[in-house]
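# Remarks on the overall topology
Letter by letter, the chains look like this.
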Amino acid sequence: MATAAAVNVDTERENYLNSTYGIRSWLLTTDHKRIALLYLVSITFFFFIGGFFALLIRLELLTPAGDLVLSDTYNKLFSMHGQIMVFFFLVPSIPAVLGNFLIPMMVGAKDLALPRINLISWYLYIIGGALMLHAMVLGGVDTGWTFYTPFSTSFSNTHVIEAGLAIFIAGFSSILTGLNIVVTVHRMRAPGLTWSRLPLFVWSMYATSVIMLLGTPVLAITLVLVVLERSLHLGIFDPTLGGDPLLFQHLFWFYSHPAVYIMILPSMGVVSEIIPCFSRKRAFGYSAIALSSIGIAVLGFLVWAHHMFVAGISLYSALVFSLLSYLVAVPSAIKVFNWTATMYKGSISFDTPMLYAFGFIGLFTIGGLTGLFLAALGIDVHVTDTYFVIAHFHYIMVGGAVMGYLGGMHFWWPKISGRMYPEFWGKLAALIVFIGFNLTFFPQFILGYLGMPRRYWQYPPEFQVLNVLSTAGSTILAVGYLLPMAYFLWSLRYGKVAGDNPWGAAGLEWKTSSPPPTFNFDYEPVVTWEAYNYHEIPAPEEVNA
Amino acid sequence: MSDTSVAVETHESEQEHLALRHHFVTVEQQRNSSHLAMWLFLATEVMFFGGMFCAYLIYRIWFYAEFAAGSRSLDITLGTINTAVLICSSLTVALGVRAAQMGKRKLLVVLLLLTLVLGLAFLGIKGVEWYAKYTEHHIPGSTFNVSDLVQDYPTLHIDPRHEQIFFSLYFAMTGMHAIHMIVGVGLFLYLTYKAWKGTYGPEYYTPIEIGGLYWHFVDIIWIYLFPLLYLIDRKPLH
Amino acid sequence: MSVGMYYGIWITLLILTGVTAGVSFIDLGPFNTIVALVIATFKALLVVLFFMHVKYASEKLTKTVIIAAIFWLMLLLGLSLTDYLSRNLL
């Protein structure tokens, strides 16, 4: 740790962080790396807010009685927790932070294809976020993150219009990010970088972007229709006029189911980068992993009505969607098999990114398998709208997506900042997150199975023990999340200088300095090697602080 | 002799040089990126309007009689004229791209101005139609009243509540289309100004091309909206 | 594309507009809707292929994007219909 105090040539060299100064150079930047950092700060801010709502929810649920907040307030808490976490944290997280930062470097380009659009996308996110904050300050929304009609259109007395518009605007931010990524991958690849040499992270980001492009607009128009119905009384979902509330649900879930793949595919991409590196082995089944990303993106659009099994859709339709939901599990399973096979006979090291990747595989598998339980009509009738569903999607979103995000942040932190985080604290935080996470959410599987409904502010006393366990877990989880924030900041000043490639990783992004220069490479990259050529790359020396 | 040709060459390569943004290697890469970006954006627009087409599809199946009656109450003459107006504007846009390609600045400006005029004409006619709906009390909300339609089409057994859904969709779909037209008009005002200043020529006319793609797309949406809204059932009633 | 071709497509589109409006007054039973949509699709194709130059596009990618958009729209409409068309069957 004392070494960092010495003058260091690497961090003195001009890079994207120090090339220009002043707030204008950040707020008007078109450099994808700076925009990634702008996003990083913004989504972390919203993560705090969404997390704060989660803590209030868990506090209320410590006791069976509704004694912390009013029931109306509780409705607002879970609604806003969901909206903030989904639309302002999870959806942008990896695409807008790691995707923005890494994709141009991974394809050997100087920037994304549309740098100004990239900046506009951040501003749209900020505007949407500000509107959402404003709606919250004015009293929030109580419709659930799902905005179901006719409650949201005809009966709720909360700020549905403003929240709907906020998410609409944030949705456009998402669309523009996806647009940029697709155009970049098609048009900006360096000479020699064929599709089959692309890092798997790029494949998964491409698949994510396809979903963003084709799904988000449907959410956008659906929110517009809700806003129009509330404000101008264009009664499209109004049952008193003969309208069908299920039409809203079809349109809403047409996006919101693929949206969960927007949230998980990038993390899968991160895991696909981490595991080969820390196994010192090429990815097993490269084509299978790459094509399964595309498969998930496509199949993910065919299953949305499994969120509506008990809502009133026809039984025949439910059967169709149930069958399709089983299909979509296949490409995900393919990935898990391939990651495992990658590790087999590899030279495994247990650095922090790898710990998060292990956590991801285990927790995502549990989350995914419980999804199959839910896809079975007979089981779903009993556990839908219970804590079983909540546990299922938190295993995927938190145990999966957030672990992948944290793993990626640790893996690429040296590249982003030029510094190493402290490895001991990294491992400790990963362990705390894992323990805290399971303690928070595993009891919820049991609660749901036993029949505790979701979105309820009070519950029968026999459920208290499991709820207390869950709340205890959530405080541990919170500590686990705060630690990286603290030591990442610490590392900016005191962290060991990283060097170009501290992990000995494959990929073009590691063939430039850390932090990279503004235009990414001091030379014109030409790719003549296959992806994950770990047999040619020497293992790094110990990088423990 | 060589003076003017050198001057032309310099201007062209200047133009090319000015237009090439730093992160692109060649002008062709830049042009192809802009094109792909616009096509992908149009794909998102297909899905955006698609949500409303989905709602339309379901309710037309459920409430055919009301959809038929509502359709009849729309002015087919104005609708047909508006369709023709947009088709003419697509022609002027397409010829405009060609003019830019051939370096004919004045022709380009004229064609862009014509496009603008036609676009504004479309919006004007739409305004007239909407005003007619207003006077007939066919705008959803507290003033909604379709007793006139119930009277005019007794054989159709119209439920006024379902009729309100037709008109909600009518206004949502034509309104969203109109918003896209207004954006298009704004975009073309900008393109006309830049064209007048001589920004576009054979070496660089990408904004005209991709602006044109957007305009054609908005035209295509109307090509579908017209029969779906105006021509549901115009058969003579016995 | 020659100027003549642009004008030719334009005239065709105008004629088809008149046709579609006129045909709507003739009783074709369930075929009214089909005819209207077929004509609209043909008009859209003319605009896409010729005015938007897709017929002369150098890359398959452009056509792939268009086909993907239409396919995805059909997914939305079609899979929703599996619910709406089968609701009263039981």
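Residues numbered from 1 in each chain as written. Chains lettered and ligands numbered in written order. Predicted model: local features only at pLDDT ≥ 70, side-chain atom pairs only at ≥ 80, totals over all residues. Heavy atoms only, no water.

### Some remarks on the interface of chain A and chain C
Of the residues lining the interface, 22 residues belong to chain A; the matching set on chain C comes to 14 residues. Buried area between chain A and chain C, both sides added, is near 1,600 Å², and the carbon and sulfur share of it is 71%. Note that A:R187 and C:E59 form a salt bridge whose closest N and O atoms lie 2.7 Å from each other. Taken together, the residues of the side of chain A that touches chain C break down into 15 nonpolar, five polar and two charged. (Contact = heavy atoms within 4.5 Å. Buried area = accessible area lost by both parts, 1.4 Å probe. Salt bridge = Lys/Arg side-chain N within 4 Å of Asp/Glu carboxyl O. Nonpolar A, V, L, I, M, F, W, Y, C, P; charged D, E, K, R; others polar.)

### Describing the interface of chain C and chain B
Every contact between the two is made by 45 residues of chain C and, on the other side, 42 residues of chain B. Where chain C abuts chain B, roughly 3,700 Å² becomes buried across the two surfaces, and 82% of that area is made up of carbon and sulfur atoms. Here chain C is connected to chain B by zero salt bridges. Where chain C touches chain B, the interface holds two residue pairs in polar contact (both at pLDDT 80 or more). Of all elements in the fold, only α1 (3-23), α2 (31-51) and α3 (60-84) of chain C reach the threshold of two or more residues within the side of chain C that touches chain B. Of all the elements, α3(C) adds the most residues to the side of chain C that touches chain B, at 12 residues. By residue class, the composition of the side of chain C that touches chain B is 31 nonpolar, 11 polar and three charged. (Polar contact = N/O pair within 3.5 Å; in protein donor to acceptor, adjacent residues only side chain to side chain. Helix = DSSP H or I, 4+ residues; strand = E, 2+ residues; numbered from the N terminus.)

### So, the domain arrangement of chain C
Domain parsing of chain C yields domain 1 (1-54) and domain 2 (57-90). Computed over C-alpha atoms, the centres of domain 1 of chain C and domain 2 of chain C are 22 Å apart. (Domains from an automatic or database assignment.)

### So, the environment of B:A178
Residues and elements named next belong to chain B. With respect to the helices, strands and loops of the structure, A178 is situated in helix α7 (residues 160-196). Here A178 falls in the buried class, since its relative accessible area comes to 9%. Along the chain, A178 and F122 lie 56 residues apart, while their C-alpha atoms are 8.9 Å from each other. (Buried < 20%, exposed > 50% of the residue type's maximum accessible area, 1.4 Å probe, protein only.)

### Comments concerning the packing of aromatic side chains
All names here are of chain A. For the structure shown, the criterion picks out 73 aromatic pairs over all chains. Geometrically, the ring pair formed by F521 and Y523 is edge-to-face, given 5.6 Å between the ring centres and 75° between the ring planes. By the ring-pair criterion, three or more aromatic residues cluster together here, those being F201, F278, F411, W412, W413, Y421, Y487, F488, W503 and W510. Here the basic side chain of K511 rests over the ring of W529, its NZ or CZ set 4.9 Å away from the ring centre. (Phe/Tyr/Trp six-rings, centres within 6.5 Å; stacked < 30°, edge-to-face > 60°. Lys NZ or Arg CZ within 6 Å of the ring centre and 35° of its normal.)

### Remarks on the packing of helix α15 (residues 423-450) of chain A against helix α16 (residues 464-494) of chain A
All names here are of chain A. At a closest axis distance of 7 Å, the pairing of α15 and α16 adopts a crossing angle of 155°. On the basis of their axis angle, the class for α15 and α16 is roughly antiparallel. By crossing handedness, the relation of α15 to α16 is classed as left-handed. Split into classes, the residues belonging to the contact of α15 with α16 amount to 21 nonpolar, nine polar and no charged. (Axes fitted to C-alpha atoms, helices over the stretch in contact; angles between N-to-C directions. Parallel < 35°, antiparallel > 145°, perpendicular 65-115°, else oblique. Left-handed = near helix turned anticlockwise from the far one by under 90°.)

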